Amino acid sequence: MSDASVARAFVRLKHFRAIDDWTPVVAGGVAGHLFHHDAAGERPTTVVKIEFDTKPVPLEVLVEFLRPESDLAEERTALAAGDPTPSASERRLLQLLSPGDATLQCKHLPGPAFRSIRMLGLLSGGNDLANTHTIRHCVRRDFPELGEIGVAYIFADRGPQADLVQGGYVVGCHSVVDDGAALRLQQFMEFPWPEYQQSWNGIFADYVDLVKKVQAWVASPAHPPGVLGSYMVLSLSGCCRGP
């Protein structure tokens, strides 16, 4: 999980964001949320996109909430209160490399969420017989476009497929005709298969249902984004010296 692997993951994420010829999957439970793109080339792959529109959240609040260190603090608070996230995982911070960039150990607890995530891992070429993984979780602000946030997950145990983006998403404010401005979440997953298989519909229906439950959990009054107030990251883009 070198910095070069992280850079490649974000390059791929930006490429996925720019794709415009997605094929919708219309199976029950995923219609309107699941799309795929079969990418030809030297190493054919299938890219799957899961898309949701939710109520808008200020960028400053959202970027804080998505950072791995903030996310972990929220998760620990919820577990202590007996209100665990529907994803049913326990994560431990191994190394904080910089704000919004950390290496985590993730242990999935038994249950429907674990089965869904395990199946996705097997599709991506990973050895998901174990339920504990080491993951690099990175967040970039104003990526791939101004006002958007890019998040990438790089798994340490994907073997020869390690350079594929097994998990990553882009969130940003987009215009929705009926409801005005809304926050659009687009999650991308790349698999080492030449084309989408209809037999995957059931796997993704379970995963889409899990995403809906996690979104509802996050949006509930008990878990308002931005309650952590951990810190603010300042960056200096230019500094003019005196005359």
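Quick caveat: nothing in here was measured; it's all calculated off a predicted structure.

The residue after Phe143, namely Pro144, is reached through a cis peptide bond having omega 0°. Here Pro144 is to be found in the loop between strand S6 (132-141) and strand S7 (148-155). The backbone phi angle of Asp142 is positive, close to 55°, even though this residue is not glycine. Look at Asp142 and you get partly exposed, because its relative accessible area is 33%.

With that settled, consider the environment of Val26. Along the chain, Val26 turns up in the loop between strand S1 (23-24) and strand S2 (34-39). Residue classification places Val26 among the exposed positions, given a relative accessible area of 69%. Spatially, the C-alpha atoms of Val26 and Asn201 are 9.2 Å apart, while their sequence positions differ by 175 residues.

Counting buried residues along strand S3 (residues 45-54), eight of its 10 residues qualify, which places the element largely inside the surrounding structure. Hairpin connection of S2 to S3: five residues between the antiparallel strands, including Gly41 at a positive phi of 145°.

Our focus in this paragraph is the packing of aromatic side chains. One pass over the structure, following the stated rule, counts eight aromatic pairs. Judged by centre distance (6.0 Å) and plane angle (80°), the ring pair of Phe191 and Phe204 falls under edge-to-face. Placement of the pair is Phe191 in strand S9 (residues 180-191) and Phe204 in helix H5 (residues 201-219), with a sequence separation of 13 residues. Pair check on accessibility: Phe191 and Phe204 agree, each one buried. Here the aromatic cluster, defined as three or more aromatic residues joined through ring pairs, consists of Phe191, Trp193, Tyr196, Trp200 and Phe204. Over the ring of Phe35 we find Lys49; its NZ or CZ atom is 5.0 Å from the centre of that ring. The positively charged end of Arg140 is found above the aromatic ring belonging to Phe10, 4.1 Å away from the centroid.

Moving on: the side chain of His36. Here His36 is to be found in strand S2. Looking at His36, the relative accessible area reads 10%, which means it is buried. Ignoring anything within four residues of it in the chain, the contact list for His36 reads Trp22, Thr23, Val25, Thr46, Val47, Val48 and Tyr196.

As for its position among the elements, Val211 is in helix H5. Distance from Val211 to Phe52, taken between C-alpha atoms, is 9.3 Å for residues 159 residues apart in sequence.

Residue position: Thr45 is located in strand S3. Looking at Thr45, the relative accessible area reads 2%, which means it is buried. A distance of 2.9 Å separates polar atoms of two side chains, one belonging to Thr45 and the other to Glu190.

Calculation rules
The numbering scheme is per chain: residues are counted from 1 as the chain's sequence reads. Under the rules for a predicted model, residues below a pLDDT of 70 receive no local features and side-chain atom pairs below 80 are neither given nor counted, while totals for whole chains, interfaces and linings still include all residues. Hydrogens and water molecules were not included; the side-chain quantities draw on all heavy atoms of the structure. Helix numbers and strand numbers start at the N terminus; a helix is a DSSP run of H or I with at least 4 residues, a strand a run of E with at least 2. Burial status follows relative accessibility: with a 1.4 Å probe on protein chains alone, a residue under 20% of its type maximum counts as buried, one over 50% as exposed, and anything between as partly exposed. When DSSP finds two or more bridges between two strands, those strands count as paired. The rule is short: rings of Phe, Tyr and Trp, with Trp giving its six-membered ring, pair when the centres are within 6.5 Å, and they are stacked under 30 degrees, edge-to-face over 60, tilted in between. A ring has a charge above it when a Lys NZ or an Arg CZ is no more than 6 Å from the ring centre and no more than 35 degrees off the ring normal. Should any heavy atoms of two residues lie within 4.5 Å, those residues are counted as being in contact. Here a polar contact is taken to be a pair of N or O atoms separated by no more than 3.5 Å, where protein atoms must pair a possible hydrogen donor with a possible acceptor and residues adjacent in sequence count only if both atoms sit in side chains.

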